[in-house]
Every structure is written in C-alpha cells, then in structure tokens.
Amino acid sequence: MPKSLAGQMALLLGLALLVAQIVNFALILNERQKLTLAQTQGPAINRFVTVATDLRQAPAEFRDAVIEDNSRRGARFAIAGASAVPVQAQRHPQIEARLTQALATAGIRAGEARATEVTERRRPRSGTGKAEEHRILILSARLDSNAWLNGRLVIPRPDPFLTLRLAAATLLLYLIVLGASSLIAIRIARPLRDLARAAERFGGRGTPALVEPRGSADLRRALEAFNAMNRRVVALLDEKDRMLGAIGHDLRTPLASLRIRVESIEPESERQRMGEIIDEMATMLEDILVLARSGRSREEERVMDVTALVDALVEEYREMGHDVTLATSAREVLKVQPNLLRRAIRNLIDNGLKYGESVSISVRRDGESVGIEVLDNGAGIPPEQLEHVLEPFYRVEESRNRATGGTGLGLSIARAVAENHGGTLSLDNAPGAGLRATLKLGPTG
Ligand code: ATP
Ligand code: MG
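Residues numbered from 1 in each chain as written. Chains lettered and ligands numbered in written order. Predicted model: local features only at pLDDT ≥ 70, side-chain atom pairs only at ≥ 80, totals over all residues. Heavy atoms only, no water.

Turning next to the overall build of the protein. When helices and strands are tallied, the protein shows nine helices and 11 strands. What you see for the protein is a C-alpha radius of gyration of 48 Å, clearly larger than the 22 Å of a compact globule of 445 residues, by over 25%. Summarising its shape, the C-alpha atoms of the protein cover approximately 160 × 45 × 45 Å along the three principal directions. Of the contacts formed within the protein by residues at least 6 apart in sequence, a portion of 62% connects residues at least 24 apart. Between the averaged position of the 60 positive side-chain charges in the protein and that of its 55 negative side-chain charges there is a distance of 15 Å. (Helix = DSSP H or I, 4+ residues; strand = E, 2+ residues; numbered from the N terminus. Rg over C-alpha atoms; globule rule 2.2 N^0.38 Å. Contact = heavy atoms within 4.5 Å. Lys, Arg positive; Asp, Glu negative; His and termini not counted. Charge placed at Lys NZ, Arg CZ, Asp CG, Glu CD.)

The following block contains the structure:
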C-alpha cells in the first residue's frame, strides 16, 4: 500500500476503474456479438423462409423449378428425404429457435428445424487465385412427414478484430482516465508536500519560511493562511526579542551608575555584598541580551576548526583548575559564529562542572553536520524535566539556591546558538554517567 496521497489515490482509482472497465467491456462485447449474429444470420434465415413459402404456394410440378431458381448467389437449396444436418452435428439451438419462429410467422409449421455452421475452402469462380475460406450456414426444416428442405447459405465472416478493437478502446479509456486522475492527485499532493516542508523548516526566527500558494482554490487558501500565520508568529517572536533587548539595554546604564555609587557605601562587608549582587544582575542582563539577539545573528560567520576552538576553551578551564578533557583531535572545519559558539559551549561546561565534577568533550562529524558532545559525571536530569530545562528561566532546583544558582538561561542560550547555526541542542542522560548535552551544528551554519 503506497503511503503518499497521490499513490493511494492512483491505486484506488486504478482498481475501481479496472473493475468498472472489465464489466463494461464484457457487457459491450456480449451485445456486439449478439448484434453481429443477428446481422449475419438474419438474411440467411429470411432467404430460407422465402424459399419455404414459395415451395408451399407452388404447384407440385413447379417445385424443382423453385428450388433451382433460388439456388444462386451463394445459396443452394434441395428437397430431400433426410436432413442435411445430422442429429449429432454441432448444432446452433439459437439459430434453430429463430428459424422455427420465422417459419411460423410465415405460416409454416415446421416439424423440426436444424442448423449448423461449417467452413469450406473454395476457389473463386474464375478458377484462378487462392482458395478462400467461406462460412456456410446449413439450415434444414422438415416441411411434411417425409420431405426436408435443406439450404446451404454463405454468410459473411465475423469481424476477427472485434474483440481486439473493443479491448484497445477500453484500454485507451482506462489509461486516459487513470492518467487524468493521477495528474489531479499529484496536483493536490505537491502543495501539501511544500506545506509540510515549510512547516518543518519553520524556525520562528528570521525570514518566515513561506510556501508558494498553488493548486486548487481551497488548497491555495490553506497555504495562504499558513503563510499569514507564519508571518504573524515570526513578527511576534521578533517583537519579543526586540523587547527583551530593549529592556536589557536600558537597564545597563542605571546598573552602571549604581555600581559607582556603591563604592562609597560603608561598611566594607556591605559594599562587597552589594557589588556581588550588582555583578550578578549584570551577568543576567548580559545573558538576556545574548538570548534576545541570538535570533538576529549580528556576528560574522567564519570558517574555522571547531575542534581547535573547543580545545582552546578546555585549556582555559584546565588552567583554572577544572577537570575538563577533550577526547577528539580530528579537525572539523565548519562555518561558525565563534563568539556565540564559545558562549554556548561554556554554558554547557559550566553546567557540567556545577552539577558534576568533571566534564569530557568530544567533537564528531555526522554527515554534513558536526556534533559537540559535553558529558559530565553528575546526577543528570530527571527524564520528565529534560524538555523543560531548555526553556528560559527554568531550573530543576526551583529554590534558586545561590550556591548552585543561576538564572536558568544557560541552556536556552546554547539552544538558540545551535539553532542559529542551523542545528539543535539535545539532552539525554548517559548510562553510567551524568548529563550528555549534544550541540549539533548544521551544514548551513
Ligand atoms: P545559568 O543561566 O547560570 O546557566 P542554570 O545553569 O540554572 O543557570 P541552565 O544552564 O539553563 O540554567 O540549566 C537549567 C537547569 O537544568 C539547571 O538549573 C539544572 O537544574 C539543569 N541542568 C543543566 N545542566 C545540567 C547538568 N549537566 N546536570 C544536571 N542538571 C543540569
Ligand atoms: Mg547553566
């Protein structure tokens, strides 16, 4: 069973049409055969009945003359004591019935009527040329107790191509209708496929993935509605990004002036505490700004070795005394936005170190894309939370405990960066280890 709409429609229509055409073909063939039978045998039967009528009306001494007079133009008649059609011959009950009926209509009650058909090879009258096949109908009727009228009449040969012609016509019709319906099915399926592709491509950011409206009016309307919705969603998300960006930006200045004022606060411990809070707010603002801007990639793309980029980061962490290792050395060159990418990987490493103690990173190519895997040795994330932790501000530990605390933006930023590179961020709990975060960078990145 084909899966596509066009395939299913073509198959179903093809089967239904096939059955209908076969029935139609059988009916027409049957009718045609009856018709040709009537056309070929009708005149022969009529001639036979005419001779029988003439014979009955003629006086006894003229009977031979009547027989002789009628025995021409492909017919031969004779009166005999026995039927020219033997009882056990291959007889035509249909023709016999019609003969009896025709005789009765002419007022002749035949004791018995027999009919059979033979083929004979005869040379043309001129005596030269090839012998031809002739179809001969032998009719025989008992006119009185011991006299049979026998007639041999040449009848036209049936059209040998009748069935063939009819079959060809049926097949042609079948192909035309099937072709037309397949075309319609394809015309419906194509815009639907476009729609599915556009919906899959839909990232909610940047230029909306539009479908070219085509096909029938109702399909067109559905596609246009999809496009309109697409534009609205993109506009809404844009608006959200813009707003976040504006808020983040506008808060920066007051925060900076607050930091200056804090410098004059006494006692020293209080000042330090306030400074920390302001730092935290600044970091959070910075994160919000990155997240808001990530959809509108301002950073220039550069072709570079992703493994080298990760290696440099790992080195940084090691210098700070963290247990971070890189398990790959193969170069993986890709077009990336290095600053954003660094930030995303840092967020993943930070998480690994915050919720575990050691982090191991590997870089591997998967066809067109490159995957950066960050694995830690922590407790992982409960499966039912895996989806939610990617949302901004969502944290598994809701207490917002300062010790392990963050804003809950790290993973959202990492995901936004991945999507910016035409890729994805996926999380799963590695068996026997902690969380495994895979940052996949798409081929277009
Ligand atoms: P920040 O914005 O400072 O990164 P955060 O680390 O709390 O704050 P995310 O990085 O977005 O925010 O992570 C969201 C939540 O997912 C975390 O609060 C944590 O509960 C959980 N999580 C993230 N990474 C891990 C990990 N490697 N192991 C266990 N839990 C994790
Ligand atoms: Mg984090």
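From this point, the discussion proceeds with the structure in view.
In this section: the confidence of the model for the protein. Summarising the model, the protein shows a mean pLDDT of 86, and 95% of its residues fall at 70 or more. The spread of mean pLDDT over the elements of the protein runs between helix 2 (residues 63–70), the lowest at 82, and strand 6 (residues 323–326), the highest at 96. (pLDDT = per-residue confidence, 0-100.)

Secondary-structure assignment places S294 in helix 6 (residues 268–294). As for S294 and N420, which are separated by 126 residues in sequence, their C-alpha atoms are 6.9 Å apart. Apart from residues no more than four positions distant in its own chain, S294 is found in contact with A416 and N420.

Attention now moves to the sheet that holds strand 6. Sheet architecture is open: five strands sit in the order 6-8-9-11-10, paired in mixed fashion. Two strands close off the open sheet at either side, each with one partner strand: strand 6 and strand 10 (424–429). The sheet shows a mean angle of 20° between the axes of neighbouring strands, taken without regard to direction. As paired strands, strand 8 (residues 358–366) and strand 9 (residues 369–376) are joined by eight bridges and run antiparallel to one another. Looking at strand 9, one finds that D366 is bridged to S369. With respect to the sheet, helix 8 (residues 338–355) is in contact with strand 6, strand 8, strand 9, strand 10 and strand 11 (435–441), its orientation differing from that of strand 11 by roughly 175°. (Pairing = 2+ DSSP bridges. Axes fitted to C-alpha atoms, helices over the stretch in contact; angles between N-to-C directions.)

Its location among the elements puts T307 in helix 7 (residues 306–319). In contact with T307, not counting residues within four places along its chain, are L326, T328, S329, A330, R331, E332 and V363.

Counting buried positions over the nine residues of strand 4 (residues 147–155) gives seven, a clear majority of the element. Here six bridges tie strand 1 (residues 75–80) to strand 4, and the two strands are oriented antiparallel to one another. Note on strand 4: the bridge partner recorded for F77 is G151. Where strand 3 (residues 132–144) and strand 4 come together, nine bridges link them in antiparallel fashion. Counted as the bridge partner of R142 is W148 from strand 4. As consecutive antiparallel partners, strand 3 and strand 4 are separated by two residues. (Buried < 20%, exposed > 50% of the residue type's maximum accessible area, 1.4 Å probe, protein only.)

Glancing now at the nonpolar core. If you look at the biggest cluster of nonpolar residues, it comprises 43 residues, and the most contacted ones within it are L341, I345, I361, I372, L425, L427 and L439. The element that contributes the greatest number of residues to this core is helix 8, accounting for seven residues. Grouped together as the second largest cluster of nonpolar side chains are 25 residues, V49, A75, I95 and A113 included. (Core = buried A, V, L, I, M, F, W, Y, C linked by side-chain atoms within 4.5 Å.)

Right, let's talk about the sheet that holds strand 3 for a bit. What the four strands build is an open sheet, ordered 1-4-3-2; its pairing is antiparallel. Whereas interior strands pair on both sides, the edge strands pair on one side only; in this sheet they are strand 1 and strand 2 (113–122). Each adjacent strand pair in this sheet contributes to an overall mean axis angle of 20°, direction not counted. Contacts from helix 2 reach strand 1 and strand 4 within the one sheet, and its direction differs from that of strand 1 by about 155°.

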